[in-house]
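Overview (structure and organization)
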Amino acid sequence: MSIRCNACLSRVLRWSALLACMLTLSACSSLYAPPQPWEKGLLSKPAMTMDGDPGESRYTQHILDSKEGSRGGYGVGGGGCGCN
Amino acid sequence: MVATAWVEVAVAATDRNNNKQLGSVGGAVLLAALALPGLCPTVAQAESPPERGSVTVKYLHYKDKQPGFDRITARAPSVSIEAPIGSSWSVSASTVRDSVSGASPRRYTSTAIPSGASRMSEERTAVDGSVTYYRPRSAYSFSLSNSTEHDYKSNAAGVNARFSTDDHNTTVNVGAGWSSDKIGKTGDPDLHETKHTYEMLVGVTQAMTRTDLLQFNIGFSRGAGYFTDPYKYDLRPEDREQWTALLRWNHHFESMGSTLRTSYRYYTDSWSVNSHALQAEWVQPISDQLSLTPLVRYYTQSAASFYLDPRPGTQRAPVHSNEIYSYDQRLSAFGAVTLGLRADYQIDKDWSTDIRGDWYKQRSAWRVGGKVSPDLEPFTATSFQLGVKRAF
């Protein structure tokens, strides 16, 4: 894999570093207390899944991809379309 | 179905010696880490297939407009199915048929730009399927998809692997995808172009507290081939490299039973389009059966390096001598806001239904963070989705 857009890579890494700093700060506080196995009930609620309703995401991402200039970041394997 | 899962989870929470039950509860993080759309079962047992299969029928109605003009209308029914196979496998498949008609939105006055089919009517059929194999602390999936319309055919494949730590609080996700597109043009039998794309995604999902899940993904995509829109007056580069950084945070408020879902995505590409997308949803149970989820999203993007603004004081195209250029408003600098509301209703243990309405508006002036394209016509879209699901 060759990277042509070095500027892209450095921009993404800068934003990622900023986010990582914020996460590290929060990790040093009470925001980081990984649950014990018997404490995970609330994490398994349907509202806590990351991707949500797949049918809804499919529709919504398709509309946004065809009306905006950016796409992706959530998953791989979807194809393209000639959408206007 | 949801109530049954809750009873199991409650039992697991009090039975520390039952490893199988603990494994199921810990699988919640692995589940939340699923990054492949279409593979998100509603029961939290990711190191094993979903407990129940389901069939879902959905319908989308979409309409957009600009001041004084109706533009595109689209209707898209879809059917999807997912099912466990034994104790280690699951499959899913879906199909959607878009019927789109109308005229593409324009930022420039229609007489300024010569164009091909400005009014159009198009049908598109897409099919996708996937299979997943589950192990105690990992899961592996393979997916295929196809999208076909009169002047555009796309075939894609994807693979994904997820690994979680012993305590299931951390999950790493790696995915790769490939896509091969064939492009034509209505009214021009000599146009036969292709485009090939490959992409990768790496992410980590972390249970931060008993009520917080955090996910961070970095994505990369590289496409080569025909990117030009044959119906617009433009000529685009033959290469596009895209990068994304995505952060998602879900927080559950125990006292209210509600959940705040937030996400931020940074995007940048080799066409100089940079964007930020910030979204928040609030899932609020109203009763045992009904919940409401309002949603707000703000989006801002910069223009592509080869996008051309209209001549000052007009909405007419400038004269250009560039080899690469575009007047497509989707590559201009603008900001956009989405307001949405979704209702979920659990009818009984097998049937559920959902409905969602969205209002979306794009304006050049709403852009934040840089140069604004001249205030061309704003663009508004409304849509609603209706779904019915039957678990079996």
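These notes cover the structure that comes with them. (Residues numbered from 1 in each chain as written. Chains lettered and ligands numbered in written order. Predicted model: local features only at pLDDT ≥ 70, side-chain atom pairs only at ≥ 80, totals over all residues. Heavy atoms only, no water.)

Take the pairing of strand β7 (residues 170–185) of chain B next. Residues and elements named next belong to chain B. Summarising the sheet, strand β6 (residues 152–164) and β7 pair through 13 bridges and their orientation is antiparallel. Considered in β7, the bridge of G158 is made with G177. In textbook terms, the turn of a hairpin is the stretch between consecutive antiparallel strands, and for β6 and β7 this stretch comprises five residues, one of which, H168, has a positive phi near 60°. As defined by bridge partners, β7 adjoins strand β8 (residues 188–209) across 15 bridges and the pair is classed as antiparallel. Bridge pairing links S179 to T197 in β8. In textbook terms, the turn of a hairpin is the stretch between consecutive antiparallel strands, and for β7 and β8 this stretch comprises two residues, one of which, G187, has a positive phi near 90°. (Pairing = 2+ DSSP bridges. Helix = DSSP H or I, 4+ residues; strand = E, 2+ residues; numbered from the N terminus.)

This brings us to the interface of chain A and chain B. Each partner contributes to the interface: chain A provides 65 residues, whereas chain B provides 119 residues. With both sides pooled, the region where chain A packs onto chain B buries about 7800 Å², and carbon together with sulfur makes up 60% of that total. Inspection of the chain A/chain B interface yields eight salt bridges. With its nearest N and O atoms 3.0 Å apart, the salt bridge here joins E68(A) to R297(B). Along the contact surface separating chain A from chain B lie 34 residue pairs in polar contact (both at pLDDT 80 or more). With eleven residues, helix α2 (residues 54–67) of chain A is the largest single contributor of residues to the side of chain A that touches chain B. Broken down by class, the residue content of the side of chain A that touches chain B amounts to 30 nonpolar, 23 polar and twelve charged. (Contact = heavy atoms within 4.5 Å. Buried area = accessible area lost by both parts, 1.4 Å probe. Salt bridge = Lys/Arg side-chain N within 4 Å of Asp/Glu carboxyl O. Polar contact = N/O pair within 3.5 Å; in protein donor to acceptor, adjacent residues only side chain to side chain. Nonpolar A, V, L, I, M, F, W, Y, C, P; charged D, E, K, R; others polar.)

Glancing now at the nonpolar core. Ranked by internal contacts, the top residues of the largest apolar core, which has 18 residues, are Y62(B) and Y360(B). Looking at this core, the elements with two or more residues in it are α2 of chain A together with β1 (54–66), β2 (69–85), β3 (89–103), β14 (334–346) and β16 (379–391) of chain B. Counting 13 residues, the second largest nonpolar core, distinct from the first, contains L19(A), L214(B), L247(B) and Y264(B). (Core = buried A, V, L, I, M, F, W, Y, C linked by side-chain atoms within 4.5 Å. Buried < 20%, exposed > 50% of the residue type's maximum accessible area, 1.4 Å probe, protein only.)

Here we come to the side chain of T268(B). Looking at the secondary structure, you find T268(B) in strand β11 (residues 258–269). Look at T268(B) and you get buried, because its relative accessible area is 0%. Within the local environment of T268(B), its side chain forms a polar contact with the side chain of R11(A), the two groups lying 2.7 Å apart. Those residues in contact with T268(B) that lie beyond four places of it in its chain are C8(A), R11(A), V12(A), E241(B), Q242(B), W243(B), V273(B) and N274(B).

Residues and elements named next belong to chain A. For α2, which comprises 14 residues, the first-to-last C-alpha distance of 20 Å matches the rise-based estimate of 20 Å (1.5 Å per residue) to within 8%. Considered for burial, the residues of α2 that qualify are G55, E56, Y59, T60, I63, L64, S66 and K67. The residue sitting at the N-terminus of α2 and contributing the capping side-chain oxygen is D53; that oxygen lies 2.9 Å from the backbone nitrogen of G55. (Expected span 1.5 Å × (residues − 1).)

All names here are of chain B. The backbone phi angle of H168 is positive, close to 60°, even though this residue is not glycine. Structurally, H168 can be placed in the loop between β6 and β7. The phi dihedral of S272 is positive, around 75°, even though this residue is not glycine. With respect to the secondary-structure elements, S272 resides in the loop between β11 and β12 (274–285).

A few words on the environment of N146(B). Residues and elements named next belong to chain B. Take N146: it is sitting in strand β5 (residues 138–149). Judged by relative accessible area, which is 27%, N146 ranks as partly exposed. Taking the C-alpha atoms as reference points, N146 and A157, separated by eleven residues in sequence, lie 8.9 Å from one another. If we skip the residues at most four places from it in the chain, N146 touches T125, A126, V127, S154 and N155.

Pairs can form between side chains of opposite charge whenever their charged atoms are close. Here the structure, examined in full by the defined rule, presents 28 salt bridges over all chains. The shortest N-O distance in the salt bridge between E123(B) and R97(B) comes to 2.7 Å. Here E123(B) is found in strand β4 (residues 119–135), whereas its partner R97(B) is found in strand β3, with 26 residues between them in sequence. The exposure class assigned to R97(B) is partly exposed, which follows from its relative accessible area of 39%. Through salt bridges with shared partners, a single network forms among D53(A), E56(A), K58(B), R342(B), D344(B), D354(B), R356(B) and D358(B).

Another aspect to go through is the state of the cysteines. Residues and elements named next belong to chain A. A full pass over the atoms with the stated rule returns one disulfide over all chains. Each sulfur in the disulfide pair C5 and C8 lies 2.0 Å from the other. With the S-S bond torsion at 70°, the cross-link from C5 to C8 turns out right-handed. Take C5: its relative accessible area is 9%, and that puts it in the buried class. (Disulfide = S-S within 2.5 Å.)

On to a nonpolar patch on the surface, then. All names here are of chain B. Among the surface-exposed residues, V172, V174, M200, V202 and V204 lie close enough to one another that they form a single nonpolar patch of about 330 Å² accessible area. Elements that contribute at least two residues to the nonpolar patch include exactly β7 and β8. Of the residues forming the nonpolar patch, the biggest block, three residues, is contributed by β8. The topology assignment puts V202 in strand β8. Accessibility expressed as a relative area gives 43% for V202, which makes it partly exposed. (Patch = residues over 30% accessible without salt bridge, like charges linked within 9 Å, V, L, I, M, F, W, Y side chains within 5 Å. Areas by Shrake-Rupley, 256 points an atom, 1.4 Å probe, with all protein chains shown as cover.)

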